[in-house]
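# Chain and residue survey
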Amino acid sequence: MILPIVAYGAPVLRKVAEDITAEYPNLQKLVADMWETMYASSGVGLAAPQINKDVRIFVVDSAQIFENLEENEKGEYPDEPGIKKVFINAHIDKLEGEEWSYNEGCLSIPKIREDVMRPQTVTISYVDENFEPHTETFNGVTARIIQHEYDHIEGKLFIDYLKPLKRKMLQGKLNDISKGKVRVDYKMTFAK
Ligand code: NI
C-alpha cells in the first residue's frame, strides 16, 4: 500500500525515533509498504517518520543508481553495485573519511536540492527485517543515503546542514511546503 509522505513542518520529522521489538505489530507489512511508497515516489531511501511512524526503521536502495549507469561508467564507484536493505534499530558506530559534497534532496522537502558535506564512510549496527543483527561499513553514495535516512530517525533533516544565510533564503519555500503550497506527483500529508 502506498502511504502518504509527511511534508516538512510536521512534528514527527523532528522527533528522535524509538527502537522497536521483534513483536512490533505488522512489521513485514510496514516494511513492504515503505518499499512501495519509496518506489512510487522515485526515492532511493525512506525513513519511518516520513510515513508518520515514530520508530527506528529505514529502507535504502542504492542499487537503482548503479543499474542505470552507462557501460563506460561502470567500475568507477567504490560502493558498486549498491545495496537494497532494511535498517531497523540502527545506531551509527563510526563516521570516517574525508567529507565530500553531494547535491541532496528529500521526499519530505520536495523541489529543494542543496549541496551537503558528509563523511565518506559509515559503520552502522542494526537488525534486518528478520531481527538478525549486523554491523557493517558502507561508503560512497550508499553511505551518503544511509546517513541521510539515519538523520530522519534522529529528527534531523538535510537542510539543518546549510549555512544560516542559505537556510534563511529557503525559509519562504519551506513555509510553503509546510502549508501544502507545493506541487508534487506523489501523495503527501501536511502539518497545517
Ligand atoms: Ni529525506
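Look up a bit, the structure's there.
For the structure given in this document, a descriptive report is provided here. Treat the numbers as computed from the prediction; the structure is a model and nothing was measured. (Residues numbered from 1 in each chain as written. Predicted model: local features only at pLDDT ≥ 70, side-chain atom pairs only at ≥ 80, totals over all residues. Heavy atoms only, no water.)

Check the secondary structure of the protein and you find 4 helices and 7 strands. Starting at the N terminus and ending at the C terminus, the protein contains elements arranged as β-α-β-β-α-β-β-β-α-α-β. Computed over its C-alpha atoms, the radius of gyration of the protein comes to 16 Å, within 12% of the 16 Å expected for a compact globule of 192 residues. On the principal axes, the C-alpha backbone points of the protein span a range of 40 × 40 × 30 Å. (Helix = DSSP H or I, 4+ residues; strand = E, 2+ residues; numbered from the N terminus. Rg over C-alpha atoms; globule rule 2.2 N^0.38 Å.)

Here the focus is helix 3 (residues 140-153). Given 3.6 residues to a turn, an α-helix orients residues that are three or four positions apart in the same direction. Look at helix 3: 21 Å from first C-alpha to last across 14 residues, which is about the 20 Å you get at 1.5 Å a residue. Extensive coverage of helix 3 is indicated by the burial of 14 of its 14 residues. One or two steps after helix 3, the chain reaches Gly-155, where phi turns positive at roughly 80°. (Expected span 1.5 Å × (residues − 1). Buried < 20%, exposed > 50% of the residue type's maximum accessible area, 1.4 Å probe, protein only.)

Once that is clear, we can look at the nonpolar core. Within the largest apolar cluster, 34 residues are counted, with the highest numbers of intra-cluster contacts made by Met-34, Leu-46, Ile-57, Ile-109 and Ile-159. Elements that contribute at least two residues to this core include exactly helix 1 (27-40), strand 3 (57-61), strand 4 (84-104), strand 5 (114-127) and helix 4 (164-178). Examining the composition of this core, we find that 6 residues originate from one element, helix 1, more than from any other. Those residues in contact with Ile-159 that sit more than four places away from it in its chain are Tyr-8, Ile-109, Arg-167 and Leu-174. (Core = buried A, V, L, I, M, F, W, Y, C linked by side-chain atoms within 4.5 Å. Contact = heavy atoms within 4.5 Å.)

If you trace the 5 strands from one edge of the open sheet to the other, you get 2-3-4-5-6, paired in antiparallel fashion. The sheet is open, and its two borders are formed by strand 2 (45-47) and strand 6 (133-138), each paired with just one other strand. Each adjacent strand pair in this sheet contributes to an overall mean axis angle of 30°, direction not counted. The pairing of strand 2 with strand 3 spans 3 bridges and is classified as antiparallel. By the bridge assignment, Ala-47 is partnered in strand 3 with Phe-58. In the packing of helix 1 onto the sheet, the strands contacted are strand 2, strand 3 and strand 4, and the crossing angle to strand 3 comes to about 45°. (Pairing = 2+ DSSP bridges. Axes fitted to C-alpha atoms, helices over the stretch in contact; angles between N-to-C directions.)

The next point concerns the side chain of Arg-118. Here Arg-118 is to be found in strand 5. A relative accessible area of 2% means that Arg-118 is categorised as buried. Within the local environment of Arg-118, its side chain forms a polar contact with the side chain of Asp-151, the two groups lying 3.0 Å apart. A polar atom in the side chain of Arg-118 sits 3.4 Å from the side chain of Tyr-161. Residue contacts for Arg-118: discarding those within four places in its chain leaves Glu-98, Glu-99, Trp-100, Glu-104, Arg-144, Gln-147, His-148, Asp-151, Phe-158 and Tyr-161. (Polar contact = N/O pair within 3.5 Å; in protein donor to acceptor, adjacent residues only side chain to side chain.)

Let us look at the packing of aromatic side chains. Counting across every chain of the model gives 6 aromatic pairs. Between Phe-58 and Phe-87 the ring centres are 4.9 Å apart and the planes differ by 15°, which places this aromatic pair in the stacked class. A residue pair is termed long-range when its members are at least 10 positions apart, and Phe-58 in strand 3 and Phe-87 in strand 4 qualify at 29 residues. Taking relative accessible area as the criterion, Phe-58 reaches 0% and is therefore assigned buried. Its relative accessible area of 0% is what places Phe-87 among the buried residues. (Phe/Tyr/Trp six-rings, centres within 6.5 Å; stacked < 30°, edge-to-face > 60°.)

With that settled, consider helix 1. Between its first and last C-alpha atoms helix 1 spans 20 Å; for 14 residues at 1.5 Å apiece the expected length is 20 Å, and the two agree. Residues of helix 1 that are buried: Leu-27, Leu-30, Val-31, Asp-33, Met-34, Trp-35, Thr-37 and Met-38. One or two residues past the end of helix 1 sits Ser-42, with phi positive at roughly 55°.

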